[in-house]
Amino acid sequence: MAGIQEVYDLVAKGKAKAIAGAVQEALDAGCDPSDILNKGMIAAMDEVGAKFKSGEIFVPEMLVAARAMKKGVEVLKPHLATGVAGAAGKIIIGTVAGDLHDIGKNLVAMMMESAGFEVIDLGVDVAKEKFIEAYEANPETKIVCCSALLTTTMPALKDAVALLNDAPFRSKIKVMVGGAPITQEFADEIGADAYTEDAASAAQRAKELVAC
Ligand code: B1M
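A short tour of the structure in this document, coming up. Every value quoted in this text rests on a predicted model; they were computed, and no experiment measured them.

This part takes up the pattern of salt bridges. Under the definition given, this model contains 10 salt bridges. In this structure, Lys90 and Glu140 form a salt bridge, with 2.7 Å as the shortest nitrogen-oxygen distance. In this pair, Lys90 sits in strand S1 (residues 89–95) while Glu140 sits in the loop between helix H6 (128–137) and strand S3 (141–147), placing the two residues 50 residues apart along the sequence. Residue class for Lys90 comes out buried when judged on its relative accessible area of 12%. Of the charged contacts in the structure, one is a salt bridge between Arg205 and Glu208, with a shortest N-O distance of 3.2 Å. Of this pair, Arg205 and Glu208 both sit in helix H9 (residues 199–211), three residues apart, which is roughly one turn of the helix. Residue classification places Arg205 among the partly exposed residues on the basis of a relative accessible area of 29%.

In structure tokens, the structure reads:
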């Protein structure tokens, strides 16, 4: 657990240079990669978010914490993602318009790869039309995944799903949504096929969706 605490502290303090070594040490000490991610890095980001909310820290501190987390995830990736990419089919993923948060979306992409999907990552601040264009360029896509990490970008998620729901190819794809402010109720309301709370369950649900 000491290794995970070190990872937590380094992410919370935004120590990008030291994080890779600490994650490696935690792995070498036998810590579960999922625990390093969830109890170390994601928990640290929750603390960073809480401190931002209370005015104790500001955007630059959130940014350095995000940078540190990304470096840590790079070390963790081979230990979390083990599948053969591409075997399960193609998915398109992006964070919706107006939203620059990509850590959660990147984790979903990584777990999807691990589950055997080939991932087309459109990045952040993705205009709704881009999801359509990406499908048209990749008509063998099975799932389109949209993330929204801000309450203020939930309407953009709704718009993106509405456009996908009106697309002529709608019956050929499943639409998955997620992100911290999203709920099952909201996903149902906007007409998405699936919602999951975290990256691991997103990949699991994606496998179920393509199997049916
Ligand atoms: Co921002 N930010 N941020 N931020 N930021 C939050 C989200 C916030 C909760 C902080 C807070 O106030 N407590 C708050 C949102 C409040 C709200 O929505 N009402 C907030 C705010 C306000 C803002 C700004 C508006 C601040 C400002 O400028 N005044 C601004 C907005 C910029 C914009 O997007 N237009 C902003 C900016 C930033 C940074 C750029 C500095 C940075 C992001 C850097 C980056 O992503 N590259 C940042 C960060 C780091 C955070 C916090 C601290 C951490 C986010 C994160 O990476 N979490 C965050 C506080 C928090 O989350 N506790 C916060 C870890 C990540 C693994 O979790 O993204 O939830 P998450 O992803 C999860 C699940 O949601 C799920 O799986 C993931 C892994 O399990 N999931 C899916 C995600 N997508 C999915 C898709 C699926 C299924 C599951 O299917 C398709």
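We now examine the nonpolar core. Grouped together as the largest cluster of nonpolar side chains are 47 residues, with contacts concentrated most on Val7, Val23, Ile36, Met41, Met69, Met112 and Met176. Sequence-distant contacts of Met69, defined by excluding residues within four places in its chain, comprise Val11, Leu37, Met41, Ile42, Met45, Ile103 and Leu107. Counting residues in hydrophobic clusters, the runner-up holds 28 residues, among them Val96, Ile120, Met154 and Leu164.

Attention now moves to the sheet that holds S1. Here five strands make up an open sheet; going across it, the order is S2-S1-S3-S4-S5 and the pairing parallel. Where the open sheet ends on each side, the last strands, each with one partner, are strand S2 (117–121) and strand S5 (194–195). Judged from the two bridges that link them, strand S4 (residues 174–178) and S5 form a sheet pairing that is parallel. Counted as the bridge partner of Met176 is Ala194 from S5. Lying on the sheet, H6 is in contact with S1 and S3; it crosses S1 at an angle near 160°. The sheet strands contacting H9 are S2, S3, S4 and S5, and the helix crosses S4 at an angle near 165°.

Quick notes on the rules
- Residues numbered from 1 in each chain as written.
- Predicted model: local features only at pLDDT ≥ 70, side-chain atom pairs only at ≥ 80, totals over all residues.
- Heavy atoms only, no water.
- Salt bridge = Lys/Arg side-chain N within 4 Å of Asp/Glu carboxyl O.
- Helix = DSSP H or I, 4+ residues; strand = E, 2+ residues; numbered from the N terminus.
- Buried < 20%, exposed > 50% of the residue type's maximum accessible area, 1.4 Å probe, protein only.
- Core = buried A, V, L, I, M, F, W, Y, C linked by side-chain atoms within 4.5 Å.
- Contact = heavy atoms within 4.5 Å.
- Pairing = 2+ DSSP bridges.
- Axes fitted to C-alpha atoms, helices over the stretch in contact; angles between N-to-C directions.

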